[in-house]
Amino acid sequence: MTGRLRAYAMAGAALLLAMPLLACLGGITATNMASPRWACPSPTPLPFGAAGPVKQLIEHPRPTAVPQGPLEYDREPVYYAEWEQEYGSQFSGPPFPSPTPYALVGTSYLFGQRVQIDPLYAEVTAEAGRVLADQRQLALIRVFWHNPTDTPIAIDYGRQLRLRAVSQADGRLVSGDGWSMSSAALAAAGLPAPAAELPPGPSQALVPVIAPAGLPQTVELVFQRGPGPAEATPMPNDDLRDPAGALLAVQWSRGALAVGPPCGDAGAMTPWEYAPGAAWGHAALPVAAPPGAARVVQLALNQVGKPYVWGAEGPETFDCSGLMQWSYAQIGITLLRTAQQQHDSLRPIEAAALAPGDLVFFTPPGSRRITHVAMVIGDVDGDSTIDVVHAMNPKLGVRVTRNLFGAPYYSGPHCELCIAGFGTAR
């Protein structure tokens, strides 16, 4: 996942210095401190068990009344097991759809990507309009919004929306401080002024801009950052505050994905994260890590409460090995994708040597195949036992299991998913 988080190149995007423009934009729409994010949702896999496809038919000969008569058979269907969702055709599994684990955190995106700018979602596209006099041209910028709150949010397109670059017919890129909506642009386009508020739910606005002739290349939306943790500690000298530092500029550019298939989706939305105080990429009810726990443990615990989806590698949904891979990718360590691969590639250790961040692997009784993985998080409840975090199953999602070695489901003679070994990336 590490490389995929950086796998998007903004084709044709310019390096635009926005600070002279932004410094004068006071009182604009406020957003929270969370970084803008986009994620392509993982598709839901086919069902397993009796609700899913048949893996094979076993024919059982049926006794016949005539000894020399033709044999008859009872056909017993065999279905794919739950673990086969993760491993798919590599281990003779069904043709489950491939996951799309692409995700991006930052301020530069492509036209058509729906970006969360907490609490809003915004998707921007732009096209060239009719040519005007003096080698100028109308650019038509369309913004699709989703306001998940129950309160209208003010928007000032004249001050917050800028066309920052156009590409001309000869291939040159023309950029500037930004071209914005004006009364002349509205008149030239024959459009009314867009609404000054974003209502709850979905809405859209068509914003005309007069700019140099060419194809709109980069559009920028500017927001005022809301108060965050940094505001709790005042600076010793208020004169040292950067007046532009509280502004957030998010850009959309024309381009294509540098690697990987196109997502086919504008971007995921995460309604379970609208709880008060919840930030994108963190669970609404995070579990506190024990003192001294590694950063990777804190990252994994911040995902508690998120859904389990087969093939999902985060950051909105996970399967068991996807949670391990994503958590380690955030600290620069690459793990292989499946639980079996992680088991085979990590250095094995004994239970007595376990430390927070190490992985625990599981297998069904009587099997040698690794089908599940969890992360040791230390002792989160102070009872002197080892606790783990894992993407457990579709019903329970990402959760903490306390006292791993005392849980009959995972340990002991009657375990249903038995501990098969331990591995470390240390």
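Note that the structure is a prediction, hence the values are computed from the model and not measured.

A. Examining the overall build of the protein chain more closely. The secondary structure content of the protein chain amounts to 7 helices and 22 strands. Looking at the protein chain as a whole, 47% of its 426 residues are labelled buried. Long-range pairs, those at least 24 residues apart, make up 65% of the contacts in the protein chain with a sequence separation of at least 6. Put simply, the protein chain shows about 20300 Å² of open surface, and 56% of that area lies on carbon and sulfur atoms.

B. Here's a closer look at the packing of aromatic side chains. Evaluation of the coordinates by the stated rule reveals 5 aromatic pairs. Relative to phenylalanine 223, the ring of tryptophan 145 has its centre 6.5 Å away and its plane inclined at 80°; by these criteria the two rings are edge-to-face. A residue pair is termed long-range when its members are at least 10 positions apart, and tryptophan 145 in strand S9 (residues 136-147) and phenylalanine 223 in strand S15 (residues 215-225) qualify at 78 residues. The exposure class of tryptophan 145 is buried, given its relative accessible area of 4%. The interplanar angle of 80° and the centroid separation of 5.0 Å between the aromatic rings of tyrosine 409 and tyrosine 410 together place this pair among those described as edge-to-face. Residue tyrosine 409 is classed as partly exposed on the basis of its relative accessible area of 40%. Aromatic rings pair up to connect Phe362, Tyr409 and Tyr410 into one cluster.

C. Focus on the nonpolar core. Counting 34 residues, the largest nonpolar core has Ile141, Trp145, Tyr157, Leu163, Leu221 and Trp252 as the members making the most contacts within it. Contributions of two or more residues to this core are made by strand S7 (114-117), strand S8 (120-131), S9, strand S11 (161-167), strand S14 (201-212), S15 and strand S16 (247-253). Excluding anything up to four places from it in sequence, leucine 163 contacts Ala139, Ile141, Gly178, Trp179, Val209, Ala211, Pro216, Gln217, Thr218 and Val219. Counting 27 residues, the second largest nonpolar core, distinct from the first, contains Tyr308, Trp326, Leu335 and Ile370.

D. Structural view of the state of the cysteines. Going through the model one piece at a time under the given rule, you end up with 1 disulfide. The disulfide that involves cysteine 415 links it to cysteine 418, with 1.9 Å between the sulfurs. A torsion of 95° about the S-S bond marks the disulfide between cysteine 415 and cysteine 418 as right-handed. Assessed through its relative accessible area of 13%, cysteine 415 is described here as buried. Using a relative accessible area of 13% as the deciding quantity, one classes cysteine 418 as buried.

E. Highlighting the sheet that holds strand S20 (residues 387-391). Here 6 strands make up an open sheet; going across it, the order is S17-S22-S18-S19-S20-S21 and the pairing antiparallel. Strand pairing shows two members of the sheet lacking a second neighbour, strand S17 (347-348) and strand S21 (398-401), which therefore form its edges. The pairing of S20 with S21 spans 4 bridges and is classified as antiparallel. By the bridge assignment for S21, valine 389 is matched with valine 400. Strand contacts of helix H6 (residues 320-329): strand S18 (359-363), strand S19 (372-378), S20 and S21, with the helix running at about 50° to S19, the strand carrying the most contacts.

F. Structural context of the environment of glycine 255. Along the polypeptide, glycine 255 turns up in the loop between S16 and helix H5 (295-301). The partly exposed category is assigned to glycine 255, whose relative accessible area is 41%. Separated by 146 residues in the primary sequence, glycine 255 and tyrosine 109 place their C-alpha atoms 9.1 Å from one another.

G. Examining a nonpolar patch on the surface more closely. The grouping of Val54, Leu57 and Tyr79 at the surface amounts to a nonpolar patch, some 250 Å² of accessible area in total. Within the secondary structure, valine 54 is located in strand S3 (residues 54-62).

H. Structural detail: unusual backbone geometry. Here aspartate 118 and proline 119 are connected by a cis peptide whose omega angle stands at 10°. Its location among the elements puts proline 119 in the loop between S7 and S8. Residues glycine 314 and proline 315 are joined by a peptide bond in cis, for which omega reads 0°. With phi around 60°, aspartate 134 is a residue other than glycine that occupies positive phi space.

I. Spotlight on the confidence of the model for the protein chain. For the protein chain, the average pLDDT comes to 77, and 73% of its residues sit at 70 or higher. Ignoring residues within four places in sequence, the model shows residues 1-27, a span with pLDDT below 50, making 67 contacts including any to other chains. Across residues 271-285, confidence stays below pLDDT 50; counting only partners more than four residues off in sequence or on other chains, it has 36 contacts.

J. The arrangement of the pairing of strand S12 (residues 173-179) in detail. Of the strand pairs in this sheet, S11 and S12 are connected by 4 bridges, and their pairing is antiparallel. Opposite alanine 165, over in S12, you have serine 175 as the bridge partner.

K. Seen up close, H6. Of all the 10 residues making up H6, 10 are buried; the element is thus mostly covered by neighbouring parts of the structure. Residues Cys320, Ser321, Gly322, Leu323, Met324, Gln325, Trp326, Ser327, Tyr328 and Ala329 constitute the buried set of H6.

L. Spatial organisation of the pairing of S20. Counting buried positions along S20 gives 5 out of 5 residues, so the element sits mostly inside the fold. Because side chains alternate across S20, one face comprises the buried residues Asp387, Val389 and Ala391, and the other comprises Val388 and His390, equally buried. Here 3 bridges tie S19 to S20, and the two strands are oriented antiparallel to one another. Residue methionine 375 lies in a different strand from S20, and its bridge partner there is valine 389. Taken together, S20 and the strand that follows it, S21, pair antiparallel across an intervening segment of 6 residues, in which glycine 397 is found at a positive phi of about 70°.

M. Quick look at the environment of glycine 378. In this structure, glycine 378 sits in strand S19. Separated by 11 residues in the primary sequence, glycine 378 and valine 389 have C-alpha atoms spaced 9.8 Å apart. When residues no more than four places from it in sequence are discounted, the contact partners of glycine 378 are Pro290, Pro356, Thr385, Ile386 and Asp387.

The rules behind the values
Residues numbered from 1 in each chain as written. Predicted model: local features only at pLDDT ≥ 70, side-chain atom pairs only at ≥ 80, totals over all residues. Heavy atoms only, no water. Helix = DSSP H or I, 4+ residues; strand = E, 2+ residues; numbered from the N terminus. Buried < 20%, exposed > 50% of the residue type's maximum accessible area, 1.4 Å probe, protein only. Contact = heavy atoms within 4.5 Å. Areas by Shrake-Rupley, 256 points an atom, 1.4 Å probe, with all protein chains shown as cover. Phe/Tyr/Trp six-rings, centres within 6.5 Å; stacked < 30°, edge-to-face > 60°. Core = buried A, V, L, I, M, F, W, Y, C linked by side-chain atoms within 4.5 Å. Disulfide = S-S within 2.5 Å. Pairing = 2+ DSSP bridges. Axes fitted to C-alpha atoms, helices over the stretch in contact; angles between N-to-C directions. Patch = residues over 30% accessible without salt bridge, like charges linked within 9 Å, V, L, I, M, F, W, Y side chains within 5 Å. Salt bridge = Lys/Arg side-chain N within 4 Å of Asp/Glu carboxyl O. pLDDT = per-residue confidence, 0-100.

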